[in-house]
Amino acid sequence: MKIDTGTTAWMITATALVLLMTPGLAFFYGGMTRAKSVLNMMMMSFVSIITVTIAWVLYGHSLAFDTFGDGSGFLNKIIGGGDALGLQSLVDTATKDDGTGMPSLVFSAFQLTFAIITVALISGAIADRAKFGAWVVFGIAWATLVYFPVAHWVWGGGWLAGLGIEDFAGGTVVHVNAGAAGLALAFVLGKRTGWRKDPMRPHNLTLVLLGVGLLWFGWFGFNAGSELAVDGTAGLAFMNTQIATAVAAGAWILVEKLRDGHSTTLGVASGAVAGLVAITPACGFVDPWAAGLLGAIAGAVCAYAVGLKYKFGFDDSLDVVGVHLVGGAIGAVSLGIIAAYPFADGQEKGLLYGGPISQLGVQALGPLAVGLYSFIMAWIIGKIIDKTMGFRIGQEEEVTGIDITTHAETGYDLGTVHSSGVASVNGPVPAAAKKVDA
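Residues numbered from 1 in each chain as written. Predicted model: local features only at pLDDT ≥ 70, side-chain atom pairs only at ≥ 80, totals over all residues. Heavy atoms only, no water.

An unreviewed UniProt entry annotates the protein chain as Ammonium transporter of Planotetraspora phitsanulokensis. If you open the UniProt record of the protein chain and go to Sequence similarities (unreviewed entry), you find "Belongs to the ammonia transporter channel (TC 1.A.11.2) family." (UniProt positions renumbered as here; feature names shortened; annotations may be inferred.)

As structure tokens, then:
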């Protein structure tokens, strides 16, 4: 087995960076929920690492990246084959025969981390109210019936790849896919008890900022790693990721300032994620100025899109739809306009560079087809689970708090906290604290 050691070292690093994004998402989502739900929210991300890893090793890689038969039949346009079941056939093989690739297992591990975070992203739409066991079953079923086939459609030689769709790192495969599934589950589970009546503000914005910091850091592996090599395109993707994210975060808090009179920490975190999402499909295909423009558009549009749930009456708890579905679609479609391919010859460039309008059509078709498929399948899977084992916890459990009723734990065990801010764990409040209270 001949490999390129530099590429291999970078891809192992990128894989670790992308895996770190799921714990980062757990912090991000956990801080955005109420205190009584923080552990459950974080557990939904961590259990996705477990379930998707097992499914990927057993059959997921095969369904996504194997060819079905000789690769020329109809079935190969829809789903992969079974040559890599259990990953055994990948041992001691490389992605390229000429020594410029990496071990096939490294490529598989990298793609696994994408599958993991895509499932975890969905959980934000149903915070506070989903049965943990039902979520586990849903994650396995959705990954099997939706994520693995969609990854094949776009990246594994399926029908969208045949049409010429471009998706550098997952705007369609990851973000539109997850956002549409989150929307479906929001309808299946219904609104949280007290939605739009009780305050449901993020309980810990420091966790939110920690989480977005980890996501931002890991996203460099997510985007630059998707080049699967160490070259100019990887460098372009790296830089474009930074540009779009920073500009989007600034655009979001500017919208907040003009609209609400103040800029918020939640806004800067959400804006950064919107920029990361939007640049994902385009990072290796556009010039730096276009990355900044894309970030500005995504940050401003998503700042308004998160309010759609109030207009249309669906409880997307942590704005999966407004950020990931909308932001992913913006990034995917934008390639039909601003794609320049600085390091690739023979690609269909965007309209701005004289490219054909047909490519814009393909870039619009991809998110539409994937979004509809994911929504329908997530709704069907969710309904089956709801009718069999039940998907939503009871109202009393929800009001009490899913952390204590489902996991028998609480995120914060501070004893008795008095108005002075002094915590009393082992005894009465000190006299000095009582004087302060007075």
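> Even after reading the chapter, I still don't get the overall build of the protein chain, so can you show me in this structure?
The helix and strand tally for the protein chain stands at 17 helices and 2 strands. Whereas a compact globule of 438 residues would reach a radius of gyration of roughly 22 Å, the protein chain reaches 22 Å, a difference of no more than 12%. On the principal axes, the C-alpha backbone points of the protein chain span a range of 75 × 45 × 45 Å. Partitioning the intrachain contacts of the protein chain with sequence separation of at least 6 by distance along the chain shows that 76% fall at a separation of at least 24. If you sum the accessible surface of the protein chain, you get close to 17600 Å²; carbon and sulfur atoms cover 66% of it. A gap of 14 Å separates the mean positions of the 22 positive and 29 negative side-chain charges of the protein chain. (Helix = DSSP H or I, 4+ residues; strand = E, 2+ residues; numbered from the N terminus. Rg over C-alpha atoms; globule rule 2.2 N^0.38 Å. Contact = heavy atoms within 4.5 Å. Areas by Shrake-Rupley, 256 points an atom, 1.4 Å probe, with all protein chains shown as cover. Lys, Arg positive; Asp, Glu negative; His and termini not counted. Charge placed at Lys NZ, Arg CZ, Asp CG, Glu CD.)

> It is not clear to me how the packing of helix H13 (residues 320-338) against helix H14 (residues 357-388) should be interpreted in this structure. Could you clarify?
When two helices pack together, their arrangement is captured by the angle between the axes and the distance separating the axes. In contact at an axis separation of 8 Å, H13 and H14 are set at 175 degrees when each is read in the N-to-C sense. The orientation of H13 relative to H14 falls into the category roughly antiparallel. On H14, the residues that touch Ala332, Val333, Leu335, Gly336 and Ile337 of H13 are Leu360, Gln363, Ala364 and Pro367. (Axes fitted to C-alpha atoms, helices over the stretch in contact; angles between N-to-C directions. Parallel < 35°, antiparallel > 145°, perpendicular 65-115°, else oblique.)

> How should I be thinking about the pattern of salt bridges in this particular structure?
Oppositely charged side chains may form a pair once their charged atoms are brought near each other. For the structure on display, the rule yields 7 salt bridges. With a shortest N-O distance of 3.2 Å, Arg34 and Asp128 are connected by a salt bridge. With a gap of 94 residues between them, Arg34 in the loop between helix H1 (5-32) and helix H2 (38-65) and Asp128 in the loop between helix H4 (104-122) and helix H5 (132-155) connect regions that are remote in the sequence. For Arg34, a relative accessible area of 14% gives the class buried. Here Arg192 ties to Asp315 by a salt bridge, and the two come within 2.8 Å at their closest N and O atoms. Of this pair, Arg192 sits in the loop between helix H7 (171-189) and helix H8 (205-224) while Asp315 sits in the loop between helix H12 (308-312) and H13, placing them 123 residues apart in sequence. Assigned by exposure class, Arg192 and Asp315 land together as buried. Through salt bridges with shared partners, one network takes in Arg34, Asp128, Arg129, Arg192 and Asp315. (Salt bridge = Lys/Arg side-chain N within 4 Å of Asp/Glu carboxyl O. Buried < 20%, exposed > 50% of the residue type's maximum accessible area, 1.4 Å probe, protein only.)

> Before we go on, may I ask you to explain the environment of Ala35 in this structure?
Topologically, Ala35 is positioned in the loop between H1 and H2. Separated by 168 residues in the primary sequence, Ala35 and His203 place their C-alpha atoms 5.6 Å from one another. Every residue in contact with Ala35, bar those within four places of it in the chain, is listed here: His203, Asp403 and Tyr412.

> Whenever I open this one, the nonpolar core confuses me. Can you help?
For soluble globular proteins, the rule of thumb is that nonpolar side chains tend to be buried together. Phe28, Trp135, Phe138, Trp142, Tyr147, Phe222 and Phe391 are the most contacted members of the largest nonpolar core, which totals 107 residues. When residues in this core are grouped by element, the largest group, 13 residues, is from H5. Apart from the residues within four sequence positions on either side, Phe138 is in contact with Ile122, Leu185, Ala378, Ile381, Gly382, Ile385 and Phe391. (Core = buried A, V, L, I, M, F, W, Y, C linked by side-chain atoms within 4.5 Å.)

> What am I meant to see in the environment of Tyr341 here?
Examined against the element boundaries, Tyr341 turns out to sit in the loop between H13 and H14. It is 10.0 Å that separates the C-alpha atoms of Tyr341 and Cys283, two residues lying 58 residues apart in sequence. Ignoring any residue separated from it by four or fewer positions in sequence, one finds Tyr341 in contact with Glu166, Phe285, Gln347, Glu348 and Lys349.

> Mind showing me how you'd approach the side chain of Asn177 here?
Within the fold, Asn177 resides in helix H7. Once residues within four sequence positions are removed from consideration, Asn177 is found in contact with Trp142, Val146, Tyr147, Val150, Thr172, Val370 and Ser374.

> How should the packing of H1 against H2 be read in this particular structure?
Orientation of H1 relative to H2, taken along the N-to-C sense of each, is 165 degrees, at an axis distance of 8 Å. If you check the angle between H1 and H2, you find them roughly antiparallel. Crossing hand, H1 versus H2: right-handed. On the side of H1, the interface is formed by Leu19, Thr22, Pro23, Leu25, Ala26, Phe27, Tyr29 and Gly30, while H2 contributes Val38, Met41, Met42, Ser45, Phe46 and Ile49. Looking at the contact of H1 with H2, its residues break down into 11 nonpolar, 3 polar and no charged. (Left-handed = near helix turned anticlockwise from the far one by under 90°. Nonpolar A, V, L, I, M, F, W, Y, C, P; charged D, E, K, R; others polar.)

> Where do I start with the packing of aromatic side chains in this structure?
The geometry of two aromatic rings is summed up by the distance between their centres and the angle between their planes. Counted under the stated rule, the structure contains 20 aromatic pairs. Seen from their ring centres, Phe114 and Trp155 are 6.0 Å apart, and the 85 degrees between their planes marks the pair as edge-to-face. One end of the pair, Phe114, is in helix H4; the other, Trp155, is in helix H5, with 41 residues separating them in the sequence. Owing to a relative accessible area of 1%, Phe114 belongs among the buried residues under this scheme. Judged by relative accessible area, Trp155 falls into the partly exposed class, the value being 22%. Residues Trp195 and Tyr310 carry aromatic rings whose centres are separated by 5.8 Å and whose planes lie at 10 degrees to one another, so their mutual orientation is stacked. With Trp195 in the loop between H7 and H8 and Tyr310 in helix H12, this pair connects stretches of sequence that are 115 residues apart. Ring pairing ties together the aromatic residues Trp56, Tyr59, Phe65, Phe107, Tyr147 and Phe148, which thus form one cluster. A cation over a ring is seen here: Arg196 above Trp195, with NZ or CZ 5.9 Å from the ring centre. One cation-aromatic arrangement involves Arg259 over Tyr304; the distance from NZ or CZ to the ring centre is 5.2 Å. (Phe/Tyr/Trp six-rings, centres within 6.5 Å; stacked < 30°, edge-to-face > 60°. Lys NZ or Arg CZ within 6 Å of the ring centre and 35° of its normal.)

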